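# Notes for the structure review
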Amino acid sequence: MTAQESTFFCIDMKTFYASVECAERGLNPFETNLVVADLTRGKNALCLAISPKLKAQGVKNRCRLSDIPNGIKYEVAPPRMQLYIDYAADIYALYLNYFDAADIHVYSIDESFIDVTGYLPTYKKTPKELAKFIMNEIADKLHIPSTVGIGTNLYLAKIALDITAKHSRDHIGYLTEELYKETLWDHKPITDFWQIAGGTARRLAKFGITTMRG
């Protein structure tokens, strides 16, 4: 990476609502079967979030309680939106310990973009070292696991988060334009890419476009 290139983080909290509920209970979300759902709505209640351990067992996020296999025992936490907002505020406050507010863009309750270009020489860290440091701070202080995408622009940071980080043991993805072309140019399905939903994919397919190369 040259000194002139920009570096952006896209930081996302893993299964945020479920992770918050695990943190409140002193539980490890990677070792706990927990779903966030309103039991008053019955077995067809929508799961707002499921813990990583449930995901590892093949349970789909945003499923219904009735979709969870009978053989899996799990804990149900009623949704507490104000609590999740409070945790999100605490995470943002943690960012402010290391970055100026002007360099932070909150994308959703559990996801933010940060322009870290000017901070790498200040902290004398590589992009991955700084990402790991921030992830550890969130885990140590708030007990919430996170994932980071690193890119030389905002789009690449987001794609690194959504696609590349999922296949990385350290939960950090990294993309430059060159790496994007080398590793994701022919990636399928195209709906894995940010803002390409099923309808867009179907329209593109009519023109024979099924990959980013197309």
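Please read all numbers here as calculations on a predicted model, not as lab measurements.

## Structural notes on the sheet that holds strand β6 (residues 111-115)
One open sheet accounts for five strands, arranged β5-β6-β1-β7-β8; its pairing is mixed. Every other strand in the sheet has two partners, leaving β5 (104-108) and β8 (172-175) as the edge strands with one partner each. Strand after strand, the sheet turns through a mean of 15° between neighbouring axes, direction not considered. Pairing of β5 with β6 involves four bridges; the strand directions are antiparallel. If you follow Ile-104 over to β6, its bridge partner there is Ile-114. Against the sheet, helix α3 (residues 81-96) engages β1 (8-13), β5 and β6, with an angle of about 160° to β5. Its contacts with the sheet put helix α6 (residues 154-164) on β1, β5, β6, β7 (146-151) and β8, and the angle it makes with β7 is roughly 140°.

## So, the state of the cysteines
Using the criterion set out here, one finds zero disulfides in the structure. Among the cysteines around Cys-22, which has no disulfide bond, Cys-47 carries the closest sulfur, lying 13 Å off. What makes Cys-22 buried here is its relative accessible area of 0%.

## Considerations on a nonpolar patch on the surface
Where nonpolar side chains cluster on the molecular surface, the patch consists of Met-81, Ile-85 and Ile-109 and spans about 230 Å² of accessible area. Take Met-81: it is sitting in helix α3. In this structure Met-81 comes out as partly exposed when scored by relative accessible area, which is 38%.

## Let's talk about the pairing of β7
Counting buried positions along β7 yields six of six residues, so the element is predominantly enclosed. A two-sided burial pattern is seen for β7, the buried positions comprising Ser-146, Val-148 and Ile-150 on one face and Thr-147, Gly-149 and Gly-151 on the other. In this structure, β1 lies alongside β7, joined through six bridges in antiparallel fashion. By the bridge assignment for β7, Met-13 is matched with Ser-146. Sheet topology note: the β7/β8 ladder contains four bridges and is parallel. Across the sheet, residue Gly-151 finds its bridge partner in β8, namely Leu-175. Handedness of the crossover joining β7 and β8 through α6 is recorded here as left-handed.

Rules behind the numbers
- Residues numbered from 1 in each chain as written.
- Predicted model: local features only at pLDDT ≥ 70, side-chain atom pairs only at ≥ 80, totals over all residues.
- Heavy atoms only, no water.
- Pairing = 2+ DSSP bridges.
- Helix = DSSP H or I, 4+ residues; strand = E, 2+ residues; numbered from the N terminus.
- Axes fitted to C-alpha atoms, helices over the stretch in contact; angles between N-to-C directions.
- Contact = heavy atoms within 4.5 Å.
- Disulfide = S-S within 2.5 Å.
- Buried < 20%, exposed > 50% of the residue type's maximum accessible area, 1.4 Å probe, protein only.
- Patch = residues over 30% accessible without salt bridge, like charges linked within 9 Å, V, L, I, M, F, W, Y side chains within 5 Å.
- Areas by Shrake-Rupley, 256 points an atom, 1.4 Å probe, with all protein chains shown as cover.
- Salt bridge = Lys/Arg side-chain N within 4 Å of Asp/Glu carboxyl O.
- Right-handed = clockwise from strand over helix to strand, strands pointing away.

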